[in-house]
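What follows is each chain in one-letter form.
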Amino acid sequence: GKYIGDVVGFAGLGAIDGIGFIDKLNLAAVTGYPGDRDFGEMWTSGPCRDFFVYPENANVVAHKCDTYSGNSGSAIMDPDGIVFGVHTDGGTEWNFGNIFTPVRAERVAR
């Protein structure tokens, strides 16, 4: 009985709160398992420039990381390997994700 982290490694968990996080978003990458690659092959796309937060929902970010079907649920992480969001949806011009606020990060950590 191994823990998954013993096999694939561990990433840190972070939260974003306030306006001062745009620089962090612009250095972020999306790491996951896109459906256009071999099964089980992990890929990272980034850094993802041009992040922005939707004003009506500060928990949702749009990004221009290259993603593909199957990337939903992929980590949005900073260059130090700290995960602060999850990729949720792709579009033709923008892709989207949810960021971890301090409350959300606390829920994930449980």
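Residues numbered from 1 in each chain as written. Predicted model: local features only at pLDDT ≥ 70, side-chain atom pairs only at ≥ 80, totals over all residues. Heavy atoms only, no water.

Here we look at the overall build of the protein
When its secondary structure is counted, the protein shows 3 helices and 8 strands. Reading the protein from its N end, one meets helices and strands in the order α-β-α-β-β-β-β-β-β-β-α. Against the globule reference of 13 Å for 110 residues, the protein gives a C-alpha radius of gyration of 14 Å, in line with a compact fold. Principal-axis analysis of the C-alpha atoms gives the protein an extent of 45 × 35 × 20 Å. Expressed as a percentage of the 110 residues in the protein, the buried residues total 36%. In the protein, of all internal contacts separated by at least 6 residues, the share reaching a separation of at least 24 is 52%. Only carbon and sulfur atoms are counted for the fraction: they give 53% of the accessible area of the protein, which is about 7,000 Å². (Helix = DSSP H or I, 4+ residues; strand = E, 2+ residues; numbered from the N terminus. Rg over C-alpha atoms; globule rule 2.2 N^0.38 Å. Buried < 20%, exposed > 50% of the residue type's maximum accessible area, 1.4 Å probe, protein only. Contact = heavy atoms within 4.5 Å. Areas by Shrake-Rupley, 256 points an atom, 1.4 Å probe, with all protein chains shown as cover.)

With respect to the pairing of strand β2 (residues 29-32)
Taking every second residue as pointing to the same face, both faces of β2 are buried, with A29 and T31 on one and V30 and G32 on the other. Judged from the 3 bridges that link them, β2 and strand β6 (residues 75-77) form a sheet pairing that is antiparallel. Within β6, the residue paired with V30 across the bridge is I76. The pairing of β2 with strand β3 (residues 43-45) spans 3 bridges and is antiparallel. Considered in β3, the bridge of G32 is made with W43. (Pairing = 2+ DSSP bridges.)

Considerations on a nonpolar patch on the surface
A cluster of nonpolar side chains, contributed by I4, V7 and V8, occupies part of the molecular surface with about 340 Å² of accessible area. By the secondary structure assignment, I4 is in helix α1 (residues 4-8). With a relative accessible area of 69%, I4 lands in the exposed category. (Patch = residues over 30% accessible without salt bridge, like charges linked within 9 Å, V, L, I, M, F, W, Y side chains within 5 Å. Salt bridge = Lys/Arg side-chain N within 4 Å of Asp/Glu carboxyl O.)

Considering the nonpolar core
Among the nonpolar cores identified, the biggest contains 12 residues, and these are I16, L25, A28, V30, C48, F51, V53, V61, C65, I76, F84 and I99. When neighbours within four sequence positions are excluded, V61 is seen to be in contact with L25, F51, F52, V53, N95, F96, G97 and I99. Counting residues in hydrophobic clusters, the runner-up holds 5 residues, among them A75, V83, F100 and A105. (Core = buried A, V, L, I, M, F, W, Y, C linked by side-chain atoms within 4.5 Å.)

Regarding the confidence of the model for the protein
For the protein, per-residue confidence averages 82 on the pLDDT scale, and residues scoring 70 or more make up 91% of the total. For the protein, per-element mean pLDDT is lowest for strand β4 (residues 52-53), which scores 71, and highest for strand β7 (residues 82-90), which scores 90. (pLDDT = per-residue confidence, 0-100.)

Focus: the packing of aromatic side chains
One pass over the full model with this rule turns up 0 aromatic pairs. One residue, R37, lies across the ring of W43, its end atom 3.8 Å from the ring centre. The positively charged end of K64 is found above the aromatic ring belonging to W94, 4.5 Å away from the centroid. (Phe/Tyr/Trp six-rings, centres within 6.5 Å; stacked < 30°, edge-to-face > 60°. Lys NZ or Arg CZ within 6 Å of the ring centre and 35° of its normal.)

Quick notes on the pairing of strand β5 (residues 60-63)
Each regular strand displays side chains that alternate between the two surfaces of the sheet. Every second residue of β5 is oriented toward a common face, with V60 and A62 on one face and V61 and H63 on the other, all of them buried. In this structure, β4 lies alongside β5, joined through 2 bridges in antiparallel fashion. Paired with F52 across the bridge in β5 is A62. Both β5 and strand β8 (residues 95-99) contribute to a ladder of 4 bridges, which runs antiparallel. Among the inter-strand pairings, V61 is bridged to a residue of β8, identified as G97.

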